[in-house]
Amino acid sequence: MDSLLGAVTLASIGIQALLLLYVQVRRQRLRTGYPWLLSTLLLSLLAALTFLLPPDVQITGKYGRNFALTLALAALVIAFGAVVVSDTQRQPATGGRRAWLLLGLLWLGGLIAAGLLSPTISIAEGEWLVAAVNAREPFSLMALGGLGVVGAVLLGICLYAFYIAPLPEIANRALFWIINTAVIVVGVILMLSGSQTLTLLGVITLLVGVAGAVYAQLSYRVFDIRNGVNLSLRTALVVTMTALLLFGALQAVSRLPVRSGMEANVLLALLALAVALLYVPVRQLADAVFRPIIQRGQVNPTIATRRYSQRVSGAVELDQLIRVATETLNESLRVRRSGLILVNDTGGENGQIELMVMPGGGFADFKNIRGYVAKAGPVYRQLAVKQSPLTQFDLEFSPDYKTLAEPERQFFNSLRMSAYAPVIVENSLIGILACGPKINDAPFYPRDLEVLATMANQTGVGLRNARLVADLRHLNRSMEALNKGLEEANQQMEKLDSVKTEFVTIASHELRTPLAQIRGYTDIMDQLNSAGMLNQDQIGSMVGNLRKASERMEELITAMLDVSQLDVNAMDLRFSQTTPEAIIRMAIEPLTDAIKQRKLTLSARGLRGLPTIEADMQRLVQAFRNIVVNAIKFTPDGGRIEINASLQPAEKPGEKDHILIAITDTGVGIARENLELIFQKFYRAYDPGLHSTGTYKFMGAGPGLGLTIAKGVIEGHGGKIWAESPGHNMESCPGSTFFVELPLVPPANARRVLPMEGEK
Ligand code: ADP
């Protein structure tokens, strides 16, 4: 064995042993294929070790060193392939790797079988390819063909990973694996070449390849290959041009007419000067050629951040801020899209913060609005505690984020962004500025993240102000609404207040009329009596009139007393079993004369079949009579009054069956704004000037107590009363309907006095 090859092999073995040790120590930081990386290293070591065997060593009498070497290299390629396959899959899934290993084992098994069957093995001997083809030697041909297939499949997998890579960093990694695979395959082929020099090269190449695999597995962020290629091209160009210049100069020197003495020195100095003068523009030319390529997508941080802060500080509204921030960010970082996420730190909730994706910018048509981040998790630590930016690539590849909870990972994946920077105000995280991939698909360099972080910083105050403005707007709106409510309540109060003052007028008026009648009749009786002219007939008619007047007074006073009872919640209800039919019949009985007089028709439907209810009969009769009396009063002669009753089954689970009675008239109707007010004490929708003393006359106004009493009684039964009407019109008479809803059994908290106690 050549001594140089021996030395290199020994050195390679030493280095690989060190790599093995290193991998063993740092195994926690490995990305995916720990066992496979270890196998790759071991097999590579084994392959190198076979070189230390004497070339004529026999295995089972027949097979030499090259058989072992080929098998070790084939196994090495398979193990390395397993690393690549696991690494290029985005989520570490084992399916692909299993298929790969199966393929590899088939190849390996085939190789061993072929080796056992072959009488000779010529691989790795000088000129073996010709001999193997001529002798159709299965082992060597299978080894070479398999190597080709395995290399092609691996390159295909890497190319596909490069093609579908969602992030430039991932594409860069795939690119790295492409190069690494090529290096390993070339190394293996060189080691099997059979030529001393090529084998030597092969050992070194394979070492480089194996070291590359270790590097990629240990560092999740491999160096930027595109940038590396650009830089080396530039260097190559500069070196070539400089070399050409120097070559020209040396040529010139060799043609110098004088070779020594002062003159020659002067000439040489002039030549050196000329070369130096030429070098400067040549260097500049080379830079000029490459600058656009290398600086493509590079950002001038000073200009970018200044422009950003100028624009953002002018934004007051949240929408505006988002628009300006994302537009400026897209422009100055040269990214495809960007967006803003608001952070709500609501404190307690499961130790999480809420992320709200703001529509607009790069999130314009985004569906998933909310996400959560655990305060104990690595994302929160990076953004809120360390207050540092974060890249999507880190989230997916860095070992620091291996423990990231699946929902968090999915949320960030769904954003389709590449980098995030925290927006911090007064040491707390209030938002996240996110930006998508760069337009030129370059990875995010630390200086880009630095710029992004600075911009996020500048967004802080603007964002806080915008949120404050939004809050203020909201507050303002609710204040306005409150104000409006207050104003309405005020108007209502004023109205009611005027109603009360009016009542004094009405009450005195209503009471004064019968009082004046009583006064008048007593005076007349007194005078007639003292004149001795009082006869029986006169006494009879006057006493009749006196009774009417005092009855009217009594009625009024009773109504007022009822109302004052309702006022202090003191109306006693005496419940007993009765039917709605009986109540309505008793309510309308005394009104039949009045109905006839006013030529009204009254009909009642649906009362007969109704079940019994538990109610204070007397009070309910009073309530319904008040309603029907109103219908009579506010319906012109010849009109109709209809009473419709029905049993309403419960609609919702918590409700009970109830009875609904509707009293409809064809009268003057009630204006919308009065529909509720008419139930207020002393409220009359019409001018008290229209006052009429006749109880049942058309538009005969009372003191405004009837509906108040009805409402109090019905609500005391756990029921409801309300009025509906298209409006008030004296000519067209749109009519009105009063609805009364009564439960079959009053609720337990109804104002109830037991019948026995009531009788006492
Ligand atoms: P009043 O003693 O004035 O009848 P109510 O409390 O019974 O007092 O009624 C209050 C007001 O409601 C009435 O003055 C009238 O303006 C209005 N109102 C009540 N019932 C009707 C009805 N059926 N049609 C039109 N207006 C009605």
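The rules behind the values
- Residues numbered from 1 in each chain as written.
- Predicted model: local features only at pLDDT ≥ 70, side-chain atom pairs only at ≥ 80, totals over all residues.
- Heavy atoms only, no water.
- Helix = DSSP H or I, 4+ residues; strand = E, 2+ residues; numbered from the N terminus.
- Contact = heavy atoms within 4.5 Å.
- Areas by Shrake-Rupley, 256 points an atom, 1.4 Å probe, with all protein chains shown as cover.
- Lys, Arg positive; Asp, Glu negative; His and termini not counted.
- Charge placed at Lys NZ, Arg CZ, Asp CG, Glu CD.
- Near = heavy atom within 4 Å.
- Polar contact = N/O pair within 3.5 Å; in protein donor to acceptor, adjacent residues only side chain to side chain.
- Nonpolar A, V, L, I, M, F, W, Y, C, P; charged D, E, K, R; others polar.
- Expected span 1.5 Å × (residues − 1).
- Buried < 20%, exposed > 50% of the residue type's maximum accessible area, 1.4 Å probe, protein only.
- Patch = residues over 30% accessible without salt bridge, like charges linked within 9 Å, V, L, I, M, F, W, Y side chains within 5 Å.
- Salt bridge = Lys/Arg side-chain N within 4 Å of Asp/Glu carboxyl O.
- Pairing = 2+ DSSP bridges.
- Axes fitted to C-alpha atoms, helices over the stretch in contact; angles between N-to-C directions.
- Core = buried A, V, L, I, M, F, W, Y, C linked by side-chain atoms within 4.5 Å.
- Domains from an automatic or database assignment.
- Parallel < 35°, antiparallel > 145°, perpendicular 65-115°, else oblique.
- Left-handed = near helix turned anticlockwise from the far one by under 90°.

## Points about the overall build of the protein
Here is step 1 of the chain: Within the protein, the secondary structure is distributed over 22 helices and 15 strands.
Here is step 2 of the chain: Taking as baseline every contact in the protein between residues at least 6 positions apart, the subset at least 24 positions apart corresponds to 71%.
Here is step 3 of the chain: Accessible area of the protein: about 39,700 Å², with a carbon and sulfur share of 60%.
Here is step 4 of the chain: Positive and negative charge centroids in the protein, built from 70 and 64 side chains respectively, lie 10 Å apart.

## With respect to the site of the ligand
Here is step 1 of the chain: The environment of the ligand is made up of 20 residues, and the closest members are Asn630, Lys633, Asp665, Gly704 and Leu707.
Here is step 2 of the chain: The separation between an oxygen atom of the ligand and a polar side-chain atom of Lys633 is 2.9 Å.
Here is step 3 of the chain: Between the ligand and the protein, one listed contact pairs a nitrogen atom with a side-chain N or O atom of Ser736 at 3.2 Å.
Here is step 4 of the chain: For the ligand, whose free accessible area comes to 530 Å², the fraction covered by protein is 98%.
Here is step 5 of the chain: For the shell around the ligand, the element with the highest residue contribution is helix H20 (residues 617–633), accounting for 3 residues.
Here is step 6 of the chain: For the shell around the ligand, the class distribution of residues is 11 nonpolar, 6 polar and 3 charged.

## Looking at helix H6 (residues 138–164)
Here is step 1 of the chain: If you check H6, its first and last C-alpha atoms are 38 Å apart, about what 27 residues at 1.5 Å a residue would give, namely 39 Å.
Here is step 2 of the chain: Restricting attention to buried positions, one finds in H6 the residues Phe139, Ser140, Ala143, Gly146, Leu147, Val150, Gly151, Leu154, Cys158 and Ala161.
Here is step 3 of the chain: In the core, the buried residues of H6 are packed alongside helix H3 (65–88), helix H4 (95–117), helix H5 (128–135) and helix H7 (168–191).

## Side note on a nonpolar patch on the surface
Here is step 1 of the chain: Taken together, the side chains of Met262, Val266, Leu267, Leu270, Leu273 and Leu277 make up a nonpolar region of the molecular surface, amounting to roughly 610 Å² of accessible area.
Here is step 2 of the chain: Structurally, Val266 is set in helix H10 (residues 261–294).

## Topic: the environment of Thr501
Here is step 1 of the chain: Of note, Thr501 is situated in helix H16 (residues 446–530).
Here is step 2 of the chain: A residue is classified by how much of its surface remains accessible, and Thr501, at 53% relative accessible area, is exposed.
Here is step 3 of the chain: Separated by 302 residues in sequence, Thr501 and Thr199 have C-alpha atoms that sit 118 Å apart.

## Some thoughts on the sheet that holds strand S3 (residues 370–374)
Here is step 1 of the chain: Here 6 strands make up an open sheet; going across it, the order is S3-S2-S1-S6-S5-S4 and the pairing antiparallel. Here the strands that pair on one side only, and so sit at the sheet edges, are S3 and strand S4 (390–391).
Here is step 2 of the chain: Sheet topology places strand S1 (residues 338–344) next to strand S2 (residues 352–357); 4 bridges connect them, and they run antiparallel. Pairing of Ile341 across the sheet is with Val357, part of S2.
Here is step 3 of the chain: Contacting S1 and strand S6 (428–435), helix H12 (residues 318–333) runs over the sheet at an angle of about 135 degrees to S1.

## Things to note about helix H2 (residues 34–50)
Because each turn of an α-helix spans 3.6 residues, side chains separated by three or four positions end up pointing in the same direction.
Here is step 1 of the chain: Relative to the 24 Å expected for 17 residues at 1.5 Å per residue, H2 spans 25 Å between its end C-alpha atoms, a close match to the ideal helical length.
Here is step 2 of the chain: Looking only at H2, the buried set comprises Tyr34, Leu37, Leu38, Thr40, Leu41, Leu43, Ser44, Leu45, Ala47, Ala48 and Thr50.
Here is step 3 of the chain: The elements touched by buried residues of H2 are helix H1 (3–25), H3, H7 and helix H8 (196–218).

## Section: the nonpolar core
Here is step 1 of the chain: Ranked by size, the top nonpolar core spans 66 residues in total, and within it Leu73 and Val188 carry the most contacts.
Here is step 2 of the chain: Elements with a contribution of two residues or more to this core: H1, H2, H3, H4, H5, H6, H7 and H8.
Here is step 3 of the chain: Per-element tally for this core: the top contributor is H3, with 16 residues.
Here is step 4 of the chain: With near-sequence residues (within four places) excluded, Val188 lies in contact with Leu73, Leu76, Val77, Leu147 and Leu206.

## Regarding the sheet that holds strand S11 (residues 640–648)
Here is step 1 of the chain: Pairing is mixed across the open sheet formed by 5 strands, whose spatial order is S9-S11-S12-S14-S13. Only two strands of the sheet have a single neighbouring strand rather than two, namely strand S9 (601–605) and strand S13 (720–724). If you compare each strand with its neighbour and ignore which way they point, the axes differ by 15 degrees on average.
Here is step 2 of the chain: Summarising the sheet, strand S12 (residues 658–665) and strand S14 (residues 736–743) pair through 8 bridges and their orientation is antiparallel. If you follow Asp665 over to S14, its bridge partner there is Ser736.

## Looking at the pattern of salt bridges
Here is step 1 of the chain: According to the stated counting rule, one finds 14 salt bridges in the structure shown.
Here is step 2 of the chain: For Glu331, the salt bridge goes to Arg307, with nearest N and O atoms at 3.1 Å. Linking Glu331 in helix H12 with Arg307 in helix H11 (residues 301–313), this pair joins segments that are 24 residues apart in sequence.
Here is step 3 of the chain: A relative accessible area of 24% means that Arg307 is categorised as partly exposed.
Here is step 4 of the chain: Taking the shortest distance from any N to any O, the salt bridge between Glu715 and Lys711 comes out at 3.2 Å. Of this pair, Glu715 and Lys711 both sit in helix H21 (residues 706–716), 4 residues apart, roughly one helical turn.
Here is step 5 of the chain: Here Glu715 falls in the partly exposed class, since its relative accessible area comes to 40%.
Here is step 6 of the chain: Salt bridges here are not isolated pairs; linked through shared partners, they connect Arg307, Arg311 and Glu331.

## Concerning the domain arrangement of the protein
Here is step 1 of the chain: Each domain of the protein was delimited in the assignment, giving domain 1 (2–223), domain 2 (229–292), domain 3 (301–472) and domain 4 (558–743).
Here is step 2 of the chain: Taking the mean C-alpha position of each, domain 1 and domain 4 sit 100 Å from one another.

## A short note on the pairing of S6
Here is step 1 of the chain: With 7 of 8 residues buried, S6 is to be regarded as a mostly interior element.
Here is step 2 of the chain: Where S1 lies against S6, 5 bridges are found, and the strand directions are antiparallel. Note on S6: the bridge partner recorded for Ile341 is Ile432.
Here is step 3 of the chain: Bridging between strand S5 (residues 419–425) and S6 involves 7 bridges; their strand directions are antiparallel. Paired with Val425 across the bridge in S6 is Ser428.
Here is step 4 of the chain: The hairpin turn running from S5 into S6, its antiparallel successor, is 2 residues long, and Glu426 in that turn takes a positive phi close to 50 degrees.

## Looking at the packing of H2 against H3
Here is step 1 of the chain: The geometry of H2 relative to H3 is characterised by a closest axis approach of 8 Å and an angle of 160 degrees between their N-to-C directions. Judged by the inter-axis angle, H2 sits roughly antiparallel to H3. Read as a crossing pair, H2 and H3 show a hand that is left-handed. Contacts from Trp36, Leu37, Ser39, Thr40, Leu43, Ser44, Leu46, Ala47 and Thr50 of H2 reach H3 at Arg65, Ala68, Leu69, Ala72, Leu73, Ala75, Leu76, Ala79, Phe80, Ala82 and Val83.
Here is step 2 of the chain: Of the residues that constitute the contact of H2 with H3, the class distribution is 15 nonpolar, 4 polar and 1 charged.

## What to know about the environment of Leu591
Here is step 1 of the chain: Note that Leu591 resides in the loop between helix H18 (580–588) and helix H19 (592–597).
Here is step 2 of the chain: Overall, the relative accessible area of 0% leaves Leu591 in the buried class.
Here is step 3 of the chain: Considering only alpha carbons, one finds Leu591 and Ser576, 15 residues apart in sequence, at a separation of 25 Å.
Here is step 4 of the chain: Setting aside anything within four residues of it in sequence, one finds Leu591 in contact with Arg625, Val628, Val629, Ile632 and Tyr696.

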